[in-house]
Amino acid sequence: MFKVGKPVTGKDFFDRSKMLKTVKQQIINDQDFMIKAPRRYGKTSLVKQVLVDNSRPTLYLDLRRAPRLEVIAEQIIDFTYAQVGITGFFSKLKNDAFLLLRENRQTVTINLELFEYSVEFFAKQRDACDMLIEALEIANKISDELGSRFIFIFDEFQDIVKLDCGENDILEALRGAMQHHAAITYGFLGSIEHLMTEIFENKKSPFYNFCRKLKLTPFDIDELQEELISVLEKKRIVIENKKVFNDLLHRLGGHPSNTMLVMQNIYYLALEMELKVITDDTMTEAYENAYYEMLDLVEQYVHELKSKKHNYDVIYRLARGEEQALKGARLNQVYKSLMEMGYVFNEERGKYSVHDGFLVEYLKA
Ligand SMILES: Nc1ncnc2c1ncn2[C@@H]1O[C@H](COP(=O)(O)OP(=O)(O)O)[C@@H](O)[C@H]1O
Ligand SMILES: [Mg+2]
């Protein structure tokens, strides 16, 4: 019910009614899109939830986990050939390319030449970047032939620039290929905002204006509060004071994973103490438990913040509501850097806030 850690879908998924519609629209319209938001904001959950009852063949590629570009190319080819009934294309290829050909030559349901070409191409030692591009080209051709319109989600896409691709510019190469792929819808998710901005919003980047750009904001507290109360009521648990509960959710600032962690603590306390009514004290206890669970991570954030001059001091003052020592352009520069690092967002002109309520708590103490 209130899950933390892994991406959530179904009964564990809350809020986001607008974004669910928006992302669904992109997919229905075959519109490539990107979503950026800080880590633990629910990007992966959102896309997985949109695709829960989707019938199109979908491949998730997690670039944070991928050690080399070749691995991504292999995943794409394995997925693509699995759609035409050939499973484990790459391991079969590595075992015995001739056997792979012989076993499937008669039965393959797509263009035989393309199949033979695929085996021949990947049987040779190739440059990683060429492999990835060729894998995408083949995927597009097969998707087109099948009339099935594949969906490819590149999660933590910004990490692609950290993978070795020899002399090539990987973004240039990808953009060149992807822009012709009418049979694939691409989704790009990313947590490292300054890199995502650099890739999708810098005029000099090959991905500039490539796709629809979406931003995932915090939970909508009104929508969320209603859903949470109703889920608890189904378990015959009621919140004693709705106003205090609303204050609690605001204190968490709509931060998805922190909110879920507090909710989980509330729920566990209720079970432990056989409570039917959640009192203000229980909520406070749940909040504190959650905060101490996250303290290690918050301290890591502080460590990262201190790696850039002024960043820590500016966020410290911001969290505490103190006047800034820096002024004007220099202050804006630091705010920009804090936004790019995913710690701060711009609420309205000149007004900034810290995403993570637990970090605020830490800085205020
Ligand atoms: N819509 C949601 N409903 C409930 N919990 C959510 C939702 N979105 C995110 N979360 C919480 O945040 C955590 C991280 O979500 P995830 O999708 O992995 O974020 P991201 O991909 O942005 O890092 C989840 O384990 C869950 O606790
Ligand atoms: Mg994710």
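Account for the overall build of the chain, with residues named and values stated.
Along the chain, the regular secondary structure elements total 16 helices and nine strands. Overall, the chain is about 70 × 55 × 35 Å in size when its C-alpha atoms are taken along their principal axes. By the burial criterion, 50% of the 365 residues in the chain qualify as buried. Excluding contacts between residues fewer than 6 apart, the proportion of contacts in the chain whose partners are at least 24 apart in sequence is 70%. For the chain, the exposed surface amounts to about 18,500 Å²; the carbon and sulfur share of it is 48%.

So what about the nonpolar core? Which residues, and what values?
Formed by 58 residues in total, the largest nonpolar core has its most connected members in Tyr81, Phe152, Phe157 and Phe188. Of the residues forming this core, the biggest block, ten residues, is contributed by helix α7 (residues 128–146). With 54 residues, the next largest nonpolar core counts Phe245, Met294, Val298 and Val360 among its residues.

Mind laying out the environment of Lys215, listing which residues take part and the relevant values?
Structurally, the position occupied by Lys215 is in strand β5 (residues 212–215). Note: C-alpha distance between Lys215 and Leu189 (26 residues apart in sequence) is 9.9 Å. Look past the residues within four positions of Lys215 in its chain and what remains in contact with it is Met19, Lys36 and Glu193. Separated by 3.1 Å, the side chains of Lys215 and Glu193 make a polar contact.

Break down the pattern of salt bridges for me, citing the residues and quoting the values.
The tally for this structure, following the rule as stated, stands at 20 salt bridges. A salt bridge links Glu156 to Arg64, with the nearest nitrogen and oxygen atoms 3.6 Å apart. Note that Glu156 is positioned in the loop between β3 (150–155) and α8 (170–178) and Arg64 in the loop between β2 (58–62) and α3 (69–82), a separation of 92 residues in sequence. The buried category is assigned to Glu156, whose relative accessible area is 11%. The residue Glu322 makes a salt bridge to Arg320 at a minimum N-O spacing of 2.9 Å. What makes Glu322 partly exposed here is its relative accessible area of 35%. Residue class for Arg320 comes out partly exposed when judged on its relative accessible area of 30%.

Tell me about the domain arrangement of the chain, and name the residues and values.
The domain architecture assigned to the chain consists of domain 1 (17–215), domain 2 (219–305) and domain 3 (307–365). Domain 1 and domain 2 are separated by 37 Å when their C-alpha centres are compared. Opposite the four residues of domain 1 that make contact, domain 2 presents nine residues. Surface buried jointly by domain 1 and domain 2 totals about 660 Å² across both partners, of which 37% is contributed by carbon and sulfur atoms. For the domain 1 face of the interface with domain 2, the top three residues by lost area are Arg39, Arg40 and Tyr41, together amounting to 85%. At the boundary of domain 1 with domain 2, the tally comes to one salt bridge. The salt bridge partner of Glu304 is Arg39, with a shortest N-O separation of 3.4 Å. In this structure, the connection of domain 1 to domain 2 is made through five residue pairs in polar contact (both at pLDDT 80 or more). Class assignment for the residues of the side of domain 1 that touches domain 2 results in one nonpolar, one polar and two charged.

Describe the pairing of β3, and please don't skip the residues or the numbers.
Summarising burial for β3: six of the six residues are buried, a large majority. Sheet topology note: the β2/β3 ladder contains five bridges and is parallel. What sits directly across from Thr58, in β3, is Ile151. In this sheet, strand β4 (residues 184–190) lies alongside β3 in parallel orientation, the contact comprising five bridges. Bridge pairing in β4 places Phe152 opposite Tyr186. Handedness of the crossover is the feature at issue here: the chain leaves β3, passes through α8, returns alongside β4, and the resulting connection is right-handed.

Can you lay out the side chain of Thr185 for me, pointing to particular residues and giving the numbers?
Relative to the assigned elements, Thr185 resides in strand β4. Judged by relative accessible area, Thr185 falls into the buried class, the value being 0%. At 2.8 Å, the side chain of Thr185 forms a polar contact with the side chain of Asp30. Every residue in contact with Thr185, bar those within four places of it in the chain, is listed here: Ile27, Asp30, Gln31, Asp32, Arg56, Phe150, Ile151 and Phe152.

Rules used in this analysis
- Residues numbered from 1 in each chain as written.
- Chains lettered and ligands numbered in written order.
- Predicted model: local features only at pLDDT ≥ 70, side-chain atom pairs only at ≥ 80, totals over all residues.
- Heavy atoms only, no water.
- Helix = DSSP H or I, 4+ residues; strand = E, 2+ residues; numbered from the N terminus.
- Buried < 20%, exposed > 50% of the residue type's maximum accessible area, 1.4 Å probe, protein only.
- Contact = heavy atoms within 4.5 Å.
- Areas by Shrake-Rupley, 256 points an atom, 1.4 Å probe, with all protein chains shown as cover.
- Core = buried A, V, L, I, M, F, W, Y, C linked by side-chain atoms within 4.5 Å.
- Polar contact = N/O pair within 3.5 Å; in protein donor to acceptor, adjacent residues only side chain to side chain.
- Salt bridge = Lys/Arg side-chain N within 4 Å of Asp/Glu carboxyl O.
- Domains from an automatic or database assignment.
- Buried area = accessible area lost by both parts, 1.4 Å probe.
- Nonpolar A, V, L, I, M, F, W, Y, C, P; charged D, E, K, R; others polar.
- Pairing = 2+ DSSP bridges.
- Right-handed = clockwise from strand over helix to strand, strands pointing away.

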